[in-house]
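# Commentary on secondary and tertiary structure
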Amino acid sequence: MNIRPEVPSLPEHRPGADVAEEKARWRSAVRAARRELVEGWGGPGRDLAAGRLAAAGLAVVTEHVGRTGGAGACGAGACAARATVTAFEPMRTEPPVDLLVARLRAAGVRVLVPVTLARPRLEWATLADPARTPLGQEVLAGVDVALVPALAVDRDGVRLGQGGGYYDTTLPRLRELAPGAPVVAVLHDHELVPRMPAAAHDARVDGVLRPGTGVTWLDCR
């Protein structure tokens, strides 16, 4: 089954253009493409994408935690309890990471999700806590792999977010507290692009996770 119906092309990078205006143009194009993509999927397409993200994402966490030994032994898709991963609760047009999160939790992984405070501050809570009690940014020191949302990423690792600046503020702090944790943006297949508009403060990621291709590590890593 094809999970990627035809979607509108994303913009080409225009060197020298106003960065803020270019980012606004890109966000508009990406959001429109996402709506068209998800509407074309239907339920079966979404389920297939979710399953592929879950398999590839769990493999990345298993491999990384097993290699570093940060949370004990891992194997056959089951990570030790005490492994910690950041994730997010997807909106309708975002890549469907809910099955991946469910499988991580079933494997004993502690999943942290963002709690939005005054812009651009993010707090973090464990997904197991229905009250989403903020734990303080220091909880990021225990993160083994950071799965983060994005609208698009380019080959240099530049991440295009929703425009609130939350992750541009949070990811540098995450790298200070957990320097060995790879940061992986979860995307639809067409959202890894050659080049995007970027400002000096834009956070970068180490790789992208997509349903059709799994994890792609970027040259900047």
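Just so you know, these numbers come straight off a predicted model, no measurement behind them.

## Quick notes on the pattern of salt bridges
Side chains that differ in sign of charge can pair as their charged atoms come close. In total, this model carries nine salt bridges according to the counting rule given. Ionic pairing is found between E176 and R173, a salt bridge with its closest N-O pair at 3.0 Å. Of the two residues, E176 and R173 both sit in helix α3 (residues 166-177), three residues apart, roughly one turn of that helix. Of the residues examined, R173 reaches a relative accessible area of 28% and is grouped as partly exposed. A salt bridge links R175 to D206, with the nearest nitrogen and oxygen atoms 3.2 Å apart. In this pair, R175 sits in helix α3 while D206 sits in the loop between β8 (192-193) and β9 (207-210), placing the two residues 31 residues apart along the sequence. Judged by relative accessible area, which is 31%, R175 ranks as partly exposed. With a relative accessible area of 12%, D206 lands in the buried category.

## A look at α3
The end-to-end C-alpha distance of α3, which contains 12 residues, comes to 17 Å, matching closely the 16 Å that a straight helix rising 1.5 Å per residue would cover. Those residues of α3 not exposed but buried are Y167, D168, T170, L171 and L174. An end-on view of α3 places all buried positions within 165 degrees of arc, on one side of the element. Its buried side turned inward, α3 meets β2 (110-116), β3 (122-126), β4 (145-149), β6 (159-160) and β7 (183-186).

## Considering the sheet that holds β8
Pairing in this open sheet of three strands is mixed, and the strands run β6-β5-β8 from one edge to the other. Since the sheet does not close on itself, it has two edges, and those belong to β6 and β8, each with one partner. Of the pairings in the sheet, the one linking strand β5 (residues 152-154) to β6 comprises two bridges and is antiparallel in character. Bridge pairing in β6 places A152 opposite L160.

## Describing the sheet that holds β2
Spatially, seven strands are ordered β3-β2-β1-β4-β7-β9-β10 in an open sheet, and the strand pairing comes out mixed. Because the sheet does not close on itself, it has two edges, and the strands there are β3 and β10 (214-217). In this sheet, adjacent strand axes meet at a mean angle of 30 degrees when their direction is disregarded. Where β4 lies against β7, four bridges are found, and the strand directions are parallel. Looking across to β7, one finds that P149 is bridged to V186. Sheet contacts for α3: β2, β3, β4 and β7; angle to β3, the most-contacted strand, approximately 65 degrees.

## Points about the pairing of β10
Looking along a regular strand, one sees side chains alternate from face to face of the sheet. Pairing between β9 and β10: four bridges, direction antiparallel. Following the sheet pairing, G207 is matched in β10 by W217. In this structure, the hairpin formed by β9 and β10 is closed by a connection of three residues.

## Things to note about unusual backbone geometry
Residues other than glycine seldom take positive phi values, yet R132 does so here, at roughly 50 degrees. Inspection of the secondary structure assignment puts R132 in the loop between β3 and β4. The partly exposed category is assigned to R132, whose relative accessible area is 24%.

## Considering the pairing of β4
Taken across its five residues, β4 has five buried, putting it largely inside the fold. Going residue by residue along β4, you find V145, L147 and P149 tucked away on one face and A146 and V148 tucked away on the opposite face as well. Of the pairings in the sheet, the one linking strand β1 (residues 84-86) to β4 comprises two bridges and is parallel in character. Its bridge partner lying in β4, V85 is registered against V145.

## Description of helix α2 (residues 98-106)
Three or more residues of α2 are buried, namely L100, V101 and L104. Looking straight down α2, one finds its buried side chains confined to an arc of 100 degrees; they lie on one side. Where α2 ends, the next residue or the one after it, G108, has phi of about 95 degrees, a positive value.

Reading the values: the criteria
- Residues numbered from 1 in each chain as written.
- Predicted model: local features only at pLDDT ≥ 70, side-chain atom pairs only at ≥ 80, totals over all residues.
- Heavy atoms only, no water.
- Salt bridge = Lys/Arg side-chain N within 4 Å of Asp/Glu carboxyl O.
- Helix = DSSP H or I, 4+ residues; strand = E, 2+ residues; numbered from the N terminus.
- Buried < 20%, exposed > 50% of the residue type's maximum accessible area, 1.4 Å probe, protein only.
- Expected span 1.5 Å × (residues − 1).
- Arc of directions from axis to C-beta.
- Contact = heavy atoms within 4.5 Å.
- Pairing = 2+ DSSP bridges.
- Axes fitted to C-alpha atoms, helices over the stretch in contact; angles between N-to-C directions.

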